[in-house]
Amino acid sequence: MSGGERPPEEFAYAVGRHVYFRYLTEEDARGDWHLWFNSPSITQNLAAQSWVNPPESQVAYLQGLRASRERLAVAVVDRATHAHIGIGSLSKIDALNRRAEMSLVIGSAAHRDGLHAMESLAMLTEIGLVRLNLHKLVATGLVISEAGLRMTRMLGYVDAGCMHEHAFVNGCWVDCVYLEIFQRDWLASPRRPKTLAWVPPKP
Amino acid sequence: MTVTLSELIAEILKVPVHSVTDDTAPGNTPGWDSLATVNLIAALEERYAIQLSLDELMELTNVGAVRALLTARGIAG
C-alpha cells in the first residue's frame, strides 16, 4: 500500500482520551517514524539501540510487520491534531505461553508530556491482556529512562529483574530493568482504560 | 506547615510559585515534561492518600484541572 491511506479515527484500532492507535503506513515509515530512530536523544533510551535508519529500512521493517503474527505494531496518533507521534508494539507474541513484550516510543518531543505516553502504555497493556487474552506482558527499560520506568510501574508492572551493564550509553554502561504484569492483576487495576472504542466527541 | 497545591506544583516544575496559575500546562511550561507529570501524580497520590484512575489522570492537562480533580474528590488544594 502506498502512503496517504489512513482510517478515520472512528475506525482506529483503539481510541483513548489523548491518543488513538491505527495501522502503520509507508508514509509513516518515510516520514517522522524513520527519523525518530536516527535521533540519539531517542535511541539512547532504548535497550535495543539501532544503527543508522534510512527510510528504506523502515519500509522494509513495516513490510515484515505485515507478515508477522508475532508482532503487533501501531501508530500512536494525537487525537487533537491527528499527528503521528509515536510507535507502540507488542512483540514476541507467544500464543502457546500467552505472553508478549510491550514497548512504546513517543517520538514527537512536543508530546512528551507524560499523558500521551501513559495512556498509550495503558492501551497497549489493555490490548495485550484483554483483547489478545495474554497471560503476561513484559517490558524493559534502561535505568536512565526514569520517566518511562516509573510510568510503567504506575500502571502496575512490577520489577522482575535487572540486566546489568546492558547498554553502552554516552560512554557508560547502563543497567536495564525487566518488568512484568499479569492479566489477573491488570483486570483489577484502576489504571485500566474504560474502553478502547471510539466515542464521538462532545459537541 | 501546610504546602499549597501551587507550592507543590512549583516545586515539581522548579518554577517560582507566583508563576503557577490554573493555565499552567505542559505546552506552556518548559519544565513540565513526562518526568514532571510522573512526579506530580506520585506527589498527589502520596500527599492526599488517593489512587487516581486512568480517566482521572488523563484529565490532568493543566493546573486548573488538577485543582478541579481535587475539588471533585472533596479535597481542598
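The structure this text deals with has already been given above.
Residues numbered from 1 in each chain as written. Chains lettered and ligands numbered in written order. Predicted model: local features only at pLDDT ≥ 70, side-chain atom pairs only at ≥ 80, totals over all residues. Heavy atoms only, no water.

Peer 1: An account of the interface of chain A and chain B is needed here, citing residue identities and associated values.
Peer 2: Facing 19 residues of chain A, the contacting portion of chain B comprises 20 residues. For the pair chain A and chain B, the summed buried surface comes to about 1,700 Å²; carbon and sulfur atoms form 64% of the total. Along the contact surface separating chain A from chain B lie three salt bridges. Here Lys194(A) ties to Asp55(B) by a salt bridge, and the two come within 2.8 Å at their closest N and O atoms. Counting the contacts that link chain A with chain B gives nine residue pairs in polar contact (both at pLDDT 80 or more). Where the side of chain A that touches chain B is concerned, the elements lending two or more residues are α4 (115-131) and α5 (146-154) of chain A. By residue number, the principal contributor to the side of chain A that touches chain B is α5(A), which donates five residues. Among the residues forming the side of chain A that touches chain B, the class breakdown is eight nonpolar, two polar and nine charged. (Contact = heavy atoms within 4.5 Å. Buried area = accessible area lost by both parts, 1.4 Å probe. Salt bridge = Lys/Arg side-chain N within 4 Å of Asp/Glu carboxyl O. Polar contact = N/O pair within 3.5 Å; in protein donor to acceptor, adjacent residues only side chain to side chain. Helix = DSSP H or I, 4+ residues; strand = E, 2+ residues; numbered from the N terminus. Nonpolar A, V, L, I, M, F, W, Y, C, P; charged D, E, K, R; others polar.)

Peer 1: Residues and numbers for the pattern of salt bridges, please.
Peer 2: Residue and element names in this part refer to chain A. This model, assessed by the stated rule, comprises 13 salt bridges over all chains. Notably, a salt bridge pairs Arg22 with Asp28, separated by 2.8 Å at the nearest N-O pair. Among the residues examined, Arg22 registers a relative accessible area of 2% and is labelled buried. Its relative accessible area of 2% is what places Asp28 among the buried residues. We note a salt bridge from Lys136 to Glu180, for which the minimum N-O separation is 3.2 Å. (Buried < 20%, exposed > 50% of the residue type's maximum accessible area, 1.4 Å probe, protein only.)

Peer 1: Quick rundown of the packing of aromatic side chains? Include the residues and the values.
Peer 2: Residues and elements named next belong to chain A. Under the criterion given, the structure shown has two aromatic pairs over all chains. On the basis of an interplanar angle of 80 degrees and a centroid distance of 6.0 Å, the ring pair of Trp33 and Tyr61 is categorised as edge-to-face. Of this pair, Trp33 sits in helix α1 (residues 26-36) while Tyr61 sits in helix α3 (residues 55-66), and the two are 28 residues apart along the sequence. Trp33 sits in the buried class, given a relative accessible area of 1%. With a centroid separation of 4.9 Å and 55 degrees between ring planes, the pair formed by Phe168 and Trp173 is classed as tilted. A relative accessible area of 48% means that Phe168 is categorised as partly exposed. (Phe/Tyr/Trp six-rings, centres within 6.5 Å; stacked < 30°, edge-to-face > 60°.)

Peer 1: Explain the sheet that holds strand β5 (residues 99-106) of chain A to me, using residue names and the numbers behind them.
Peer 2: Residue and element names in this part refer to chain A. Taken in spatial order, the eight strands of this open sheet run β1-β2-β3-β4-β5-β6-β8-β7, and their pairing is mixed. Each edge of the sheet is formed by a strand with only one pairing partner; in this case those strands are β1 (14-15) and β7 (158-169). Here β5 pairs with strand β6 (residues 136-142) via three bridges, running parallel. The partner of Arg99 across the bridge, within β6, is Lys136. Sheet contacts for α5: β6, β7 and β8 (172-182); angle to β8, the most-contacted strand, approximately 15 degrees. (Pairing = 2+ DSSP bridges. Axes fitted to C-alpha atoms, helices over the stretch in contact; angles between N-to-C directions.)

Peer 1: Run through the side chain of Asp78(A), naming residues and quoting values.
Peer 2: All names here are of chain A. The topology assignment puts Asp78 in strand β3 (residues 72-78). Of the buried charged residues, Asp78 lacks a salt bridge, with Arg17 as the closest side chain of opposite charge at 8.1 Å. A distance of 3.5 Å separates the side chain of Asp78 from the side chain of His111, its partner in a polar contact. The residues touching Asp78, leaving out its near neighbours within four places in the chain, are His18, Tyr20, Ala83, Ile85, His111 and His116. (Lys, Arg positive; Asp, Glu negative; His and termini not counted.)

Peer 1: An account of the environment of Val143(A) is needed here, citing residue identities and associated values.
Peer 2: All names here are of chain A. Residue position: Val143 is located in the loop between β6 and α5. Given the relative accessible area of 41%, Val143 is considered partly exposed. The contacts of Val143, once residues within four sequence positions are left out, are Leu149, Val174, Asp175 and Val177.

Peer 1: Before we move on, could you go through unusual backbone geometry and cite the residues and values that matter?
Peer 2: Residues and elements named next belong to chain A. The phi torsion at Lys92 lies on the positive side, around 50 degrees, for a residue other than glycine. If you trace the backbone, Lys92 turns up in strand β4 (residues 84-94). By relative accessible area, which is 59% here, Lys92 ends up exposed. One non-glycine residue, Asn133, adopts positive backbone phi at about 60 degrees. Relative to the helices and strands, Asn133 resides in the loop between α4 and β6. Residue class for Asn133 comes out partly exposed when judged on its relative accessible area of 40%.

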